[in-house]
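Analysis of the macromolecular model
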Amino acid sequence: MREEGYIKVTGGRVWYQIFNKNSEVTPVIILHGGPGSSSYSLEGLQALEKDRPVILYDQLGCGRSDRPSDTSLWQLDRFVEELAQIREALKLEEVHILGHSWGTTLAAAYCLTKPSGVKSVIFSSPCLSAPRWEQDQAENLKKLPIDIQETITRCEEEGTTDSEEFKAAIQEFNKVFVCRVQKEPDPKWVKKGSGYRNPEIYNIMWGPSEFSVKGNLKYFDCTSRLNEISCPTLFTCGRYDEATPESTEYFSSLVPNGKFHVYENSAHMAYFEEKEEFLQVVGDFLKNVDSK
């Protein structure tokens, strides 16, 4: 059984959907990536509903949520407030949180406000330090053919990250570090998902490209406070992830109850690249937390 609707938050309304709403087991709420992406590519995680309620929502400004023109809304603190407002509206007294990519930035920032009732957190392909992410991408870039490296570097320096040659070079980066399942160059669901994105939010909060953080998240780094997250945590990434195994394992070592798992045949989209294993690992972790 699926319920969907809108919730009023600061700045507008966000669209949500709940699967298996009537289950008595602790629900899991999914925080999508971006910023400015949507829950569309994560809808496969509704399969977790066999054990519990699953809540997906599109953050304000993207997906099926309202798209206000007030650019002052695109701040981490407001997205944290939004998550609290969603929990309140849906009466989620206890909840598991699963964030992916930018969703882990949001999950960490939210948890560090010390909300009640968070039973566990899953950091999937985490970005918990913008400076460290930037360093990791500089290292990842060195693993690509020299012409791709030069194109990306030159377009960044010249401010031509909207050019076709930059986009083509990024496609090559993505094939290695974002999604290694290349049954076709651009799967239909990826094309549809791109229509749900709001590039303006990404540009304001992150910047014009993956490699240089120029937005208001430039100095985000919560590593010094990860030890404050006391609930059980699971850190996962792909072996070839732009959220590198080295950084992901490092983050997990900073949390008192941190666990770490690598999907050996994935990059940044293990929930798509190795869907069965992703669901198994996440499902087992959540059930184990609930059993204690």
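As a convention, each chain's residues are numbered from 1 in the sequence order in which they are written. Side-chain atom pairs in this predicted model are given and counted only at pLDDT of 80 or more, local residue features only at pLDDT of at least 70, and totals for whole chains, interfaces and linings cover all residues. Computation of side-chain values: all heavy atoms of the structure, hydrogens and water removed.

1. Topic: the overall build of the protein chain
- Helix and strand definitions follow DSSP, with helices as H or I runs of at least four residues and strands as E runs of at least two, each counted in order from the N terminus. In terms of regular secondary structure, the protein chain is built from ten helices and eight strands.
- Structurally, the protein chain occupies a C-alpha span of about 55 × 40 × 40 Å along its principal axes.
- In this scheme, a residue with accessible area under 20% of its type's maximum is buried, one over 50% is exposed, and one in between is partly exposed, where area comes from a 1.4 Å probe on protein chains only. Across the 292 residues of the protein chain, 55% fall into the buried class.
- Across the protein chain, contacts joining residues at least 24 apart in sequence account for 72% of those joining residues at least 6 apart. Whether two residues are in contact is decided by their heavy atoms, any of which lying within 4.5 Å being enough.

2. Side note on the sheet that holds strand S3 (residues 28-31)
- Sheet architecture is open: eight strands sit in the order S1-S2-S4-S3-S5-S6-S7-S8, paired in mixed fashion. Of all strands in the sheet, those with a lone pairing partner are strand S1 (2-9) and strand S8 (258-263), marking the two edges. For this sheet, the mean inter-axis angle between neighbouring strands, taken without regard to orientation, is 20°.
- Think of it this way: DSSP has to see at least two bridges between two strands before they count as a pair. Across three bridges, the pairing between S3 and strand S4 (residues 54-57) is parallel. Across the sheet, Val28 pairs through a bridge with Val54, a residue of S4. To obtain an axis, a line is fitted to C-alpha atoms, over the contacting stretch when the element is a helix, and the angle between two such axes runs from 0 to 180 degrees between their N-to-C directions.

3. As for the packing of helix H4 (residues 146-158) against helix H5 (residues 164-177)
- One way to put it is that H4 packs onto H5 with a least axis distance of 9 Å and a crossing angle of 135°. Relative to H5, H4 is oriented oblique. Handedness of the H4/H5 crossing: left-handed. Residue-level inspection shows Ile148, Thr151, Ile152, Arg154, Cys155 and Glu156 of H4 in contact with H5, the latter providing Glu165, Phe166, Ala169, Ile170 and Glu172.
- Amino acids are sorted into nonpolar (Ala, Val, Leu, Ile, Met, Phe, Trp, Tyr, Cys and Pro), charged (Asp, Glu, Lys and Arg) and polar (every other residue, Gly among them). Looking at the contact of H4 with H5 residue by residue, the class counts come to six nonpolar, one polar and four charged. Any angle that falls under 35 degrees is termed roughly parallel, while one over 145 is termed roughly antiparallel, one within 65 to 115 roughly perpendicular, and all others oblique. For any helix crossing, the convention is left-handed if the near helix is rotated counterclockwise from the far helix by under a right angle, and right-handed if that rotation is clockwise.

4. A look at helix H8 (residues 245-253)
- Buried within H8 we find Pro245, Ser247, Thr248, Phe251 and Ser252. Down the axis of H8, the buried side of the element spans an arc of 165°, and every buried residue falls inside it. Turned more than 90 degrees from where H8 packs its buried face, Glu246 and Ser253 sit exposed.
- On its buried face, H8 sits against helix H3 (130-141), strand S7 (233-238) and S8. Directions drawn from the helix axis to the C-beta atoms are what define this arc.

5. What about H5?
- For H5, spanning 14 residues, the distance from its first C-alpha to its last is 20 Å, which sits close to the expected 20 Å at 1.5 Å a residue.
- Looking only at H5, the buried set comprises Phe166, Ala169, Ile170, Phe173 and Phe177. Down the axis of H5, the smallest arc covering the buried residues is 100°, so these residues share one side.
- Those residues of H5 that are buried lie in contact with H3 and H4. One less than the number of residues in a helix, times 1.5 Å, gives the span that helix is expected to have.

6. Considerations on the pairing of strand S6 (residues 118-124)
- A large share of S6 lies buried, amounting to six of its seven residues.
- Here strand S5 (residues 95-100) runs beside S6; their pairing, made up of six bridges, is parallel. Residue pairing for S6: Leu98 is matched across the bridge by Ile122.
- With the strands aimed away from the viewer, a crossover counts as right-handed if its path from the first strand over the helix to the second runs clockwise. A crossover links S5 with its parallel partner S6, the connecting element being helix H2 (residues 102-111), and its sense is right-handed.
- The pairing of S6 with S7 spans four bridges and is parallel. Directly across from Ile122, in S7, lies its bridge partner Leu234.

7. Some thoughts on the side chain of Thr248
- Within the fold, Thr248 resides in helix H8.
- For Thr248, the residues in contact, after removing those within four places along its chain, are Pro126, Phe235, Thr236, Cys237, Ala243 and Phe260.

8. Description of the nonpolar core
- What makes a nonpolar core is a set of buried Ala, Val, Leu, Ile, Met, Phe, Trp, Tyr and Cys residues whose side-chain atoms join them at distances within 4.5 Å. Counting residues in each nonpolar core, the largest one holds 51 residues, and the members touching the most others are Ile29 and Ile97.
- The biggest single contributor to this core is H2, with seven residues.
- In this view, Ile29 contacts Ile55, Tyr57, Leu83, Ile86, Leu92, Val95, His96, Ile97 and Leu98; residues no more than four positions away in its chain are not counted.
- Leu141, Ala169, Ile170 and Val282 belong to the second-largest nonpolar core, a separate cluster that totals 36 residues.

9. A closer look at the packing of aromatic side chains
- Within 6.5 Å between ring centres, the rings of Phe, Tyr and Trp (the latter by its six-membered ring) count as paired, and their orientation is classed by plane angle as stacked under 30 degrees, edge-to-face over 60, tilted in between. Scanning all chains against the criterion turns up ten aromatic pairs.
- Seen from their ring centres, Phe79 and Trp102 are 5.5 Å apart, and the 80° between their planes marks the pair as edge-to-face. Here Phe79, found in helix H1 (residues 76-89), pairs with Trp102, found in helix H2; they are 23 residues apart in sequence, far enough to count as distant.
- Summarising the aromatic geometry, the rings of Phe173 and Phe177 are spaced 4.9 Å apart at their centres and angled 40° between planes, so their arrangement reads as tilted. Here Phe177 and Phe173 lie together in helix H5, a separation of four residues that amounts to about one turn.
- Given a relative accessible area of 1%, Phe173 falls into the buried group.
- Judged by relative accessible area, which is 4%, Phe177 ranks as buried.
- Among the aromatic residues, those joined into a ring-pair cluster are Trp74, Phe79 and Trp102.

Read these as layout, nothing more, since geometry by itself doesn't imply function.
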